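Structural overview
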Amino acid sequence: MKEKNDFSAGSVSGNILRLAIPMTLAQLINILYNVVDRIYIGHIPHASTEALTGVGLALPVITIITAFANLFGMGGAPLFSMARGSGNQERAKKIMANSFSLLLLSGLILAIFCYAFKRPLMYLFGASDVTYPYADAYLSLYLFGTFFVMISLGMNYFINAQGFGVTGMLTVSIGALLNLVLDPIFIFLLGLGVRGAALATILSQLVSAIWVLQFLTGKKAIIKLSKKHMNLDREIVKEITGLGMSGFVMSITNGSVQIMCNATLQHYGGDLYVGIMTILNSVREIVTMPVSGLSNGAQPVMSFNYGAKEYERVKSAIKFTTFASILLSTISWALLFFFPHFFIHIFNSEPALLEEGIPAMRIYFFGIFMMSLQFAGQSTFVALGRSKQAVFFSLFRKVIIVIPLMLLLPAIGGLGTTGVFLAEPISNFVGGIACFTTMILTVWRKLGREP
């Protein structure tokens, strides 16, 4: 019987879009989990800015949890796709089951560690005595849902890797829509404030996790999740973590940058600028979502064709992903530059925050269209199993460029908070060009020449 979802047949761009469109919608809806919380919290009467800033301080912890979900989800899914492409279904089953075990184990460790050290962590991340109570109220409840996040986010990659993009979209759609409904009920109607936002989020993630497990163990899955393959295999674990290290490092470095941003902005500008950074991070999640969805949709297609030795189709996938990413990110940049007031007003309407936030947004997002080159190069490295290059460029843009600039620029010429926001666009240009050029020289030229 002919295997379903054979990415070596049909239009390459069609295969990518068939996955990318529902995956992009899924990411958009997934963003609603946290962004909707911030929208509602940013409009709590009499404490909107303080509450929004407090929840923003919890973002690095959420980012770290997401990083571990990406480590084992994004690390296992391309290997899973390559095994499917080569016809080795037994290996594919082991990869998926081992990824699941790793997600559960890391989720338990993360929840315990973050809960035990949440107070010193929040102050390290830039909390003040005014904002800490809001951060503590949100994070204390959110950590109870760590298992659900790991399963719904990490294992959803394996639904998409089997070609069920619509089902992957529904994974997050169901939970996010539930979160959208529960948030105003818990926050305003029941008067739970930021605790209500956290409670709505973890209940929604629970529903998403149940959906994922029901599908991967059900009749529709091409390759099912089974208990007998869940014992950890050292070699498979090594491959999963090696390949997933790119997404992991990218998320961890994003978290590190958030921490440095908040701490530096607290020093130079106080709680107001930490609140502005919370909004900028939220907007960034939204505007980078189309390019991220396209890149994620391209990865299973690249991996499958690479495993099937269809190298020209891999090249076609790289070209389509690159040009489409540049177009989408340029449109996003234009919207942010000309309509910054609209995006900030979604989260908060305090006059002081709007006044300082508009110029900050224009500086921070300048050059975001160059980030598309980083996405294109990074997704190619990951899809083709080149973990070392993927990890290096994750570190290069954030650790080698952004963090040093963020520490140095505020002290130069009295730039202060402006210097913090300038670090991001500089890294987009330098990191994007370096990553994409290296991919062309080391991957593109060798495709089809490998033994």
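Rules behind the numbers
- Residues numbered from 1 in each chain as written.
- Predicted model: local features only at pLDDT ≥ 70, side-chain atom pairs only at ≥ 80, totals over all residues.
- Heavy atoms only, no water.
- Helix = DSSP H or I, 4+ residues; strand = E, 2+ residues; numbered from the N terminus.
- Rg over C-alpha atoms; globule rule 2.2 N^0.38 Å.
- Buried < 20%, exposed > 50% of the residue type's maximum accessible area, 1.4 Å probe, protein only.
- Areas by Shrake-Rupley, 256 points an atom, 1.4 Å probe, with all protein chains shown as cover.
- Core = buried A, V, L, I, M, F, W, Y, C linked by side-chain atoms within 4.5 Å.
- Contact = heavy atoms within 4.5 Å.
- Phe/Tyr/Trp six-rings, centres within 6.5 Å; stacked < 30°, edge-to-face > 60°.
- Lys NZ or Arg CZ within 6 Å of the ring centre and 35° of its normal.
- Salt bridge = Lys/Arg side-chain N within 4 Å of Asp/Glu carboxyl O.

Quick look at the overall build of the chain
- Helix and strand counts for the chain come out as 19 helices and 0 strands.
- A compact globule built from 451 residues would reach a C-alpha radius of gyration of about 22 Å, and the chain, at 21 Å, matches this within 12%.
- C-alpha extents for the chain along the principal axes are approximately 65 × 45 × 35 Å.
- Looking at the 451 residues of the chain, the share that counts as buried comes to 59%.
- In the structure as shown, the chain presents an accessible area of about 17600 Å², 69% of it carried by carbon and sulfur atoms.

Quick look at the nonpolar core
- Counting 139 residues, the largest nonpolar core has Met-122, Tyr-138, Met-155, Leu-280, Val-283, Phe-365 and Phe-421 as its most contacted members.
- For Phe-365, the contacting residues outside a window of four places in its chain are Leu-280, Val-283, Arg-284, Val-287, Trp-333 and Leu-336.

Structural notes on the environment of Gly-54
- Note that Gly-54 resides in helix α2 (residues 48-57).
- Given a relative accessible area of 0%, Gly-54 falls into the buried group.
- A sequence separation of 81 residues divides Gly-54 from Ala-135, and the C-alpha atoms of the two residues are 4.3 Å apart.
- Beyond its immediate stretch of four places on either side in the chain, Gly-54 contacts Thr-131, Tyr-134 and Ala-135.

A few points about the packing of aromatic side chains
- For the structure shown, the criterion picks out 22 aromatic pairs.
- Ring geometry for Phe-80 against Phe-158: centres 5.4 Å apart, planes inclined by 85°, an arrangement best described as edge-to-face. Remark: Phe-158 occurs in helix α8 (residues 156-161) and Phe-80 occurs in helix α3 (residues 59-85); sequence separation between them is 78 residues. With respect to burial, Phe-80 and Phe-158 carry one shared label: buried.
- Measuring from centroid to centroid gives 5.9 Å for Tyr-306 and Tyr-311, while their planes differ by 65°, and the two rings are edge-to-face.
- Owing to a relative accessible area of 16%, Tyr-306 belongs among the buried residues under this scheme.
- Grouping aromatic residues by their ring pairs yields a cluster made of Trp-333, Phe-337, Phe-338, Phe-366, Phe-369 and Phe-429.
- The ring of Tyr-115 has Lys-118 sitting right over it, with the charged end atom 4.0 Å from the ring centre.

Some details on the pattern of salt bridges
- This structure, assessed with the given rule, holds 5 salt bridges.
- Of the charged contacts, one joins Asp-136 and Lys-118 as a salt bridge, the two residues approaching to 3.7 Å between their closest N and O atoms. Of this pair, Asp-136 sits in helix α6 (residues 132-142) while Lys-118 sits in helix α5 (residues 118-124), and the two are 18 residues apart along the sequence.
- The exposure class assigned to Asp-136 is partly exposed, which follows from its relative accessible area of 22%.
- Residue classification places Lys-118 among the buried residues on the basis of a relative accessible area of 12%.
- Shared partners join several salt bridges into a network, and the residues in it are Arg-397, Lys-398 and Glu-424.

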